[in-house]
Number of protein chains: 2
Amino acid sequence: MQKQVPFGEANRLKFPEQVVIAIAKDAAGKCNPITLGWAMQTSIAPPMMAISIGLLRYSHDVFHNAGEFVIAMPSEQQADETLFYGTKSGRDLDKLAEFGANVQPAAEVDGVLLADAVANFECRKAGELLTGDHTIFVGQIVCAHANEVELRRLYTIGPGYRMGGLARE
Amino acid sequence: MQKQVPFGEANRLKFPEQVVIAIAKDAAGKCNPITLGWAMQTSIAPPMMAISIGLLRYSHDVFHNAGEFVIAMPSEQQADETLFYGTKSGRDLDKLAEFGANVQPAAEVDGVLLADAVANFECRKAGELLTGDHTIFVGQIVCAHANEVELRRLYTIGPGYRMGGLARE
């Protein structure tokens, strides 16, 4: 039986929530990663993914101006790195350099992959939609990569940026 | 280290993937539920969610023509129900009646809630974006509900519609 509650109370029940790291080049040519809990697939043929970025984030204008980007699915070993990219701003620093990220060049777009991720998807921007205080950016996937070893994906397992892998039952 | 692979091979690594059930009234006045793995939050203030529905699905036109809808987060007890709504078409039958769904009226929109879900979000449509072979529908949340008892959310835990709850570590 359902009872009416404030949005935030119902929304706290959404966890675990999948997490991605999206990377685009800013105007200075710096690859800027941002951690996002709001991401989904949105087409099969051609394959596409959508991400949602807050209007006030430095990354918002980076992605608005970028024609291509990478979406990585971080592994459970990347919890610290994922938290770093989600809580620091590219306005102030070079997040990949500051963290000492393990990157490798993308194949089809001008950018980098996260070498330690479960998978990376290279995207060409295929659409944008303003939704409240965020913009949805849609990318058509032009190249995909998987880690050479099998890793588990990282999730936000609860409020307060608690992150971890998940045991399947 | 990443190696280039076909999209499908990298995409199989996305699981577990969260799942929602979206419900809108069709032209005949029937509440039609569809199970979706592609859903995300997309605004904080006002709260909004986005879902992605395939162009060829019966639900696509239902949601295109609807001004409001409900997004439910099913509980792990609803695996059979969730699979039913994801594999049957509302073209052929009244899915809620056929399954014997436990529903209750929505408060702010013309529709129903799933009484056994973890939470339900009543939405007014706030945008649409065509993305490849799917359309993204955006809903502004006008009312939220949570189950009176604490339940775990349902996920697709692997390919082939394998669904279940998740143990947190």
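Residues numbered from 1 in each chain as written. Chains lettered and ligands numbered in written order. Predicted model: local features only at pLDDT ≥ 70, side-chain atom pairs only at ≥ 80, totals over all residues. Heavy atoms only, no water.

Here we come to the relation of the copies chain B and chain A. The two copies are related by a screw operation: chain B maps onto chain A through 180° of rotation and 0.0 Å of translation along the axis, at an RMSD of 0.0 Å. Taken together, these values place the two copies in the relation of a two-fold axis. Residue by residue, 100% of the interface of chain B is reproduced at the interface of chain A, so both copies engage with the same surface. (Least-squares fit on C-alpha atoms with pLDDT ≥ 70 in both. Contact = heavy atoms within 4.5 Å.)

Within a regular beta strand, the side chains point alternately toward one face of the sheet and then the other, so they alternate between its two faces. Residue and element names in this part refer to chain B. Buried residues dominate strand β3 (residues 20–25), accounting for 5 of its 6 residues. Pairing of β3 with strand β4 (residues 31–36), which is carried by 6 bridges, proceeds in the antiparallel orientation. Opposite K25, over in β4, you have C31 as the bridge partner. Two successive antiparallel strands, β3 and β4, enclose a turn made up of 5 residues, where G29 displays a positive phi of approximately 90°. Relative to strand β7 (residues 68–73), β3 runs antiparallel, the two sharing 3 bridges. Bridge pairing links I21 to A72 in β7. (Buried < 20%, exposed > 50% of the residue type's maximum accessible area, 1.4 Å probe, protein only. Helix = DSSP H or I, 4+ residues; strand = E, 2+ residues; numbered from the N terminus. Pairing = 2+ DSSP bridges.)

Time to look at the pattern of salt bridges. One pass over the full model with this rule turns up 12 salt bridges over all chains. Across the pair K30 of chain A and D26 of chain A runs a salt bridge, and its minimum N-O distance is 3.4 Å. Judged by its relative accessible area of 18%, K30 of chain A is buried. For the salt bridge of E17 of chain B with K14 of chain B, the shortest nitrogen-to-oxygen distance reads 3.3 Å. Under the relative-accessibility criterion, E17 of chain B is labelled buried at 8%. Look at K14 of chain B and you get buried, because its relative accessible area is 9%. (Salt bridge = Lys/Arg side-chain N within 4 Å of Asp/Glu carboxyl O.)

Between chain B and chain A, the contact holds 67 residues from the first and 67 residues from the second. Taken over both partners, the interface formed by chain B and chain A buries close to 5,700 Å², and the fraction arising from carbon and sulfur atoms is 56%. Counting across the chain B and chain A interface gives 0 salt bridges. At the junction of chain B with chain A, the criterion picks out 40 residue pairs in polar contact (both at pLDDT 80 or more). With 9 residues, the top contributor of residues to the side of chain B that touches chain A is strand β11 (residues 134–147) of chain B. Its residues placed into classes, the side of chain B that touches chain A shows 39 nonpolar, 16 polar and 12 charged. By the bridge criterion, 4 bridges tie strand β1 (residues 2–5) of chain A to β11 of chain B in an arrangement that is antiparallel. (Buried area = accessible area lost by both parts, 1.4 Å probe. Polar contact = N/O pair within 3.5 Å; in protein donor to acceptor, adjacent residues only side chain to side chain. Nonpolar A, V, L, I, M, F, W, Y, C, P; charged D, E, K, R; others polar.)

To continue, consider the sheet that holds strand β2 (residues 17–18) of chain B. Sheet strands pair by backbone hydrogen bonding; their relative direction is either parallel or antiparallel. All names here are of chain B. If you trace the 3 strands from one edge of the open sheet to the other, you get β2-β12-β13, paired in antiparallel fashion. Among the strands making up the open sheet, the edge pair consists of β2 and β13 (162–164). Bridging between β2 and strand β12 (residues 155–158) involves 2 bridges; their strand directions are antiparallel. Bridging from a neighbouring strand, Q18 pairs with Y155 of β12.

The next point concerns the packing of aromatic side chains. All names here are of chain A. Applying the stated rule across the entire model yields 12 aromatic pairs over all chains. Between F63 and F69 the ring centres are 5.4 Å apart and the planes differ by 55°, which places this aromatic pair in the tilted class. Ring geometry for Y85 against F99: centres 6.0 Å apart, planes inclined by 70°, an arrangement best described as edge-to-face. One end of the pair, Y85, is in helix α3 (residues 79–87); the other, F99, is in helix α4 (residues 95–99), with 14 residues separating them in the sequence. (Phe/Tyr/Trp six-rings, centres within 6.5 Å; stacked < 30°, edge-to-face > 60°.)

This part is about helix α2 (residues 58–65) of chain B. Owing to its 3.6 residues per turn, the α-helix aligns residues three or four sequence positions apart on the same side. All names here are of chain B. Those residues of α2 not exposed but buried are S59, H60, V62 and F63. The buried residues of α2 occupy an angular sector of 165° when the element is viewed end-on, so they sit on one face. Each element contacted by the buried residues of α2 is listed here: β3, β4, β6 (48–54), β7, β10 (119–131) and β11. (Arc of directions from axis to C-beta.)

The next thing to look at is the pairing of strand β6 (residues 48–54) of chain A. Residue and element names in this part refer to chain A. Among the 7 residues that make up β6, 7 are buried, leaving the element largely enclosed by the rest of the structure. Residue alternation in β6 divides its side chains into two sets, M48, A50, S52 and G54 and M49, I51 and I53, and both sets are buried. Here strand β5 (residues 39–43) pairs with β6 via 4 bridges, running antiparallel. Considered in β6, the bridge of M40 is made with A50. Between β5 and β6, which follow one another and run antiparallel, lie 4 residues. By the bridge criterion, 7 bridges tie β6 to strand β11 (residues 134–147) in an arrangement that is antiparallel. Looking at β11, one finds that I53 is bridged to T135.

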